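Below, each chain spelled out in residue letters.
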Amino acid sequence: MLWRGRGESDNVEDRRGMSGGGIAVGGGIGGLIIGILYFLLGGNPSQAPELLPGQQPASQYSSQQNPEDDTLVDFVKVVLKDTEDVWGDILNSYRKPKLVLFTDGVQTACGGANSEVGPFYCPEDEKVYIDLSFFHELKSRFGAPGDFAMAYVVAHEVGHHIQKLLGTSDKVHSLEERSSQREGNKLSVMLELQADFYAGVWANHDEKMKHILEPGDIDEALNAASAVGDDRLQEETTGRVVPDAFTHGTSAQRMYWFKKGYETGDIRQGDTFSDPSLQ
Ligand SMILES: [Zn+2]
């Protein structure tokens, strides 16, 4: 991605190195959960994927220790600015989300969370939360290197913000409350795949507006979408695949919806809720 020297967003809150404040150790999510959080990754955060031999835990990468992170902060600011410009163009009166960088644990209007859960969005405070250690993991643990893999992650979370603004996530949340676990999981998959679709729509418009893509960028995003597919993560963590427990969609589905968004650039094509293949 051609990002160096371009405009940066003012909406990044740097809370790295600050205490998460009352995060339960090892519990994945601590404290009272006030609202629902939307994660990039599926699965129960308390069952965080076990590390494969030779891999280091996320806490290995603390922001203070990693000079690469200064570059990552600049990168995130440019990507966030690009999402602001694109979505500001597509949606009338777009309300920009904040993006909070944190280390280890963080308090949000939706409750507390720690880094194990991966990047997420809290609709109550309209903020995207990312521990930069995830970007190192994306390369080392998930096998998804490249700057556009990281841009996809930011764009997916901003996709959840779009769902909040359009009222989709509220609707789905109230449906989920009246659904069985199995039906609720299906709704979650539709919501997550739509966030992937919106990430693709963003990539389409960003390229048209600013010509930011380099060869291989879209493949980096598709590889990242595949790497965080439920079937892939389940296989890696438990050795088996349980489709009823999917909350984010398979690798193939996540790639499909990102690609559809990228190829059409049309938000009207992203109705995952009426797509026959997802019923
Ligand atoms: Zn998500």
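Please read these numbers as outputs of a predicted model, since none were measured by experiment. (Residues numbered from 1 in each chain as written. Predicted model: local features only at pLDDT ≥ 70, side-chain atom pairs only at ≥ 80, totals over all residues. Heavy atoms only, no water.)

Chemist: Can you help me understand the coordination of the zinc ion in this one?
Modeler: Where a metal carries four tetrahedral donors, each ideal angle is 109.5 degrees; where it carries six octahedral donors, the ideal angles are 90 or 180 degrees. Ligation of the zinc ion by protein atoms is provided by F39 (O), H156 (NE2), H160 (NE2) and E192 (OE), these donors lying 1.9 to 2.3 Å from the ion. Here the donor residues of the zinc ion share one chain and are spaced in sequence as F-x116-H-x3-H-x31-E. Taken together, the residues span a long stretch of sequence, with H160 in helix α3 (residues 147-165) and E192 in helix α5 (residues 181-210) at a distance of 32 residues. The two residues H160 and E192 agree in class, both being buried. (Donors = N, O, S within 2.8 Å, 3.2 Å for Na, K, Ca; no water. Helix = DSSP H or I, 4+ residues; strand = E, 2+ residues; numbered from the N terminus. Buried < 20%, exposed > 50% of the residue type's maximum accessible area, 1.4 Å probe, protein only.)

Chemist: It is not clear to me how the pattern of salt bridges should be interpreted in this structure. Could you clarify?
Modeler: Here the idea is simple: oppositely charged side chains can pair when their charged atoms come close. All told, the structure shown has 13 salt bridges when counted by the stated rule. A salt bridge links K81 to D85; the shortest N-O distance between them is 3.0 Å. Of this pair, K81 and D85 both sit in helix α1 (residues 68-90), 4 residues apart, which is roughly one turn of that helix. Judged by relative accessible area, which is 25%, K81 ranks as partly exposed. (Salt bridge = Lys/Arg side-chain N within 4 Å of Asp/Glu carboxyl O.)

Chemist: Honestly, the nonpolar core in this entry has me stumped. Any pointers?
Modeler: Soluble globular proteins: nonpolar side chains tend toward being buried together. Formed by 64 residues in total, the largest nonpolar core has its most connected members in F135, F148, Y152 and W202. At the level of elements, α1, β3 (98-102), β7 (127-130), α2 (133-140), α3, α5, α6 (217-227) and α8 (251-264) are the ones that each hand at least two residues to this core. The residues contacting F135, other than those within four sequence positions of it, are L72, V76, I130, M150, V153 and V154. In terms of nonpolar packing, the next biggest core, distinct from the first, is built from 11 residues, L37, F102, V106 and C122 among them. (Core = buried A, V, L, I, M, F, W, Y, C linked by side-chain atoms within 4.5 Å. Contact = heavy atoms within 4.5 Å.)

Chemist: When you look at the confidence of the model for the protein chain in this model, what are you seeing that I'm missing?
Modeler: As a general rule, the predicted coordinates of low-pLDDT regions are not to be interpreted in detail. Per-chain confidence: the protein chain averages 88 in pLDDT, with 86% of residues scoring 70 or above. Confidence over residues 21-32 falls short of pLDDT 50; this stretch has 22 contacts with residues more than four positions distant or in other chains. Here residues 44-63 scores under 50 on pLDDT; set against residues more than four positions off or in separate chains, the count is 25 contacts. (pLDDT = per-residue confidence, 0-100.)

Chemist: Where do I start with the side chain of E126 in this structure?
Modeler: With respect to the element layout, E126 can be found in the loop between β6 (120-122) and β7. Accessibility expressed as a relative area gives 13% for E126, which makes it buried. A distance of 2.7 Å separates a polar atom in the side chain of E126 from a polar atom in the side chain of R95. In this structure E126 touches R95, P97, K98, Y121, H161, K164 and L165, once residues within four positions along its chain are discounted. (Polar contact = N/O pair within 3.5 Å; in protein donor to acceptor, adjacent residues only side chain to side chain.)

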